[in-house]
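Understanding the architecture of this molecule
One letter stands for each residue in the lines below.
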Amino acid sequence: MTQDEMKQAVAKAAIEYIEAGTIVGVGTGSTANFFIDELAKIKHKIDGTVASSEASAERLKGHGIEVFDLNSVSEIAVYVDGADESNKFLHLIKGGGGALTREKIVAAASKKFICIADESKLVDVMGKFPLPIEVIPMARSLVAREIIKQIGGEPVLREGFTTDNGNIILDVHNLEIMEPTRIEQILNNITGVVTNGLFAIKPATVLLLGTQDGVKTIT
């Protein structure tokens with residue numbers, strides 16, 4: 001299977017976790033787009049969605065799927081999204097598409113987080129994929145210095161990119177993330193950081209991994 005075929009396979013597998021009459025949280029990125037297209041086939045069964053980005057909201061609306069503001073719903077049954085990296089403990093790096101803050105918010109509001117990814121995303125040690133950090137623009141230099149001092153790595157401004165929240169992204173290169181939960185906590189405490197792309201304090205509930213042998217379920 002090609003990478004896109006693996007993504008499509010896990011998107012179809014994620015539909016099995018969607019219950020009728022519920023609100024579905026929907027992530028951002030190429031794998032999430034496959035899920036949106038699959039969700040459109042059962043849109044009559046669900047009550048609606050909450051999207052983690054403007055791009056996903058537009059794709060959902062294009063399929064005729066209702067999109068709610070998170071503040072108007074009391075509970076999200078399941079959140080489905082991809083990842084840039086995952087380890088076997090279902091700790092994730094997310095934010096390659098720049099939607100990490102809203103992704104983390106929707107994940108936090110959801111009872112379950114179903115992560116869908118192709119087999120290239122599963123790694124022993126995270127950090128080869130640069131760790132995205134959303135930062136208040138005026139704090140860019142301060143945050144970069146603190147990152148280097150506290151966890152190492154090389155923070156690089158994502159040029160020409162602004163998040164849906166009006167902020168910037170620092171991508172931290174050259175990390176070996178041996179303790180994802182601890183690193184996530186350290187980054188959360190740096191003044192000027194909005195969100196970091198580690199999902200370790202609250203990891204995924206299930207990882208659906210697309211492989212050459214089909215979809216593997218990791219819990």
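Summary of the structure given here.

What follows deals with the pairing of strand β2 (residues 48–51). Burial along β2 is two-sided: the face carrying G48 and V50 and the face carrying T49 and A51 are both buried. Where strand β1 (residues 23–26) lies against β2, four bridges are found, and the strand directions are parallel. Across the sheet, residue I23 finds its bridge partner in β2, namely G48. Chirality of the crossover, the property in question, places the unit of β1, helix α2 (residues 30–39) and β2 among those that are right-handed.

Attention shifts here to a nonpolar patch on the surface. A contiguous nonpolar patch, built from I136, M138 and V194 and spanning about 310 Å² of accessible area, is present on the exposed surface. Tracing the sequence through the fold places I136 in the loop between β7 (131–135) and α5 (140–150).

What follows is about the packing of aromatic side chains. Under the defined criterion, the tally for this structure stands at two aromatic pairs. An angle of 45° between the planes, with centres 5.1 Å apart, marks the rings of Y79 and F113 as tilted. Here Y79, found in strand β3 (residues 76–81), pairs with F113, found in strand β6 (residues 110–118); they are 34 residues apart in sequence, far enough to count as distant. Summarising the burial analysis for this pair, Y79 and F113 share the class buried. The positively charged end of K94 is found above the aromatic ring belonging to F199, 5.7 Å away from the centroid. In this structure, R158 packs its charged tip against the face of F161, placed 5.3 Å from the ring centre.

In this fold, N167 is placed in the loop between β8 (154–157) and β9 (168–173). Taking relative accessible area as the criterion, N167 reaches 8% and is therefore assigned buried. Distance from N167 to I23, taken between C-alpha atoms, is 28 Å for residues 144 residues apart in sequence. Contact partners of N167, with chain neighbours within four places excluded, come to E134, V135, I136, P137, F161, T162 and V194. Separated by 2.9 Å, the side chains of N167 and E134 make a polar contact.

Next up on the list: helix α1 (residues 3–14). Look at α1: 17 Å from first C-alpha to last across 12 residues, which is about the 16 Å you get at 1.5 Å a residue. Turning to α1, its buried residues are M6, K7, V10, A11, A13 and A14. Take α1 and look down its axis: the buried residues cluster within an arc of 160°, on one side only.

Conventions adopted
Residues numbered from 1 in each chain as written. Predicted model: local features only at pLDDT ≥ 70, side-chain atom pairs only at ≥ 80, totals over all residues. Heavy atoms only, no water. Buried < 20%, exposed > 50% of the residue type's maximum accessible area, 1.4 Å probe, protein only. Helix = DSSP H or I, 4+ residues; strand = E, 2+ residues; numbered from the N terminus. Pairing = 2+ DSSP bridges. Right-handed = clockwise from strand over helix to strand, strands pointing away. Patch = residues over 30% accessible without salt bridge, like charges linked within 9 Å, V, L, I, M, F, W, Y side chains within 5 Å. Areas by Shrake-Rupley, 256 points an atom, 1.4 Å probe, with all protein chains shown as cover. Salt bridge = Lys/Arg side-chain N within 4 Å of Asp/Glu carboxyl O. Phe/Tyr/Trp six-rings, centres within 6.5 Å; stacked < 30°, edge-to-face > 60°. Lys NZ or Arg CZ within 6 Å of the ring centre and 35° of its normal. Contact = heavy atoms within 4.5 Å. Polar contact = N/O pair within 3.5 Å; in protein donor to acceptor, adjacent residues only side chain to side chain. Expected span 1.5 Å × (residues − 1). Arc of directions from axis to C-beta.

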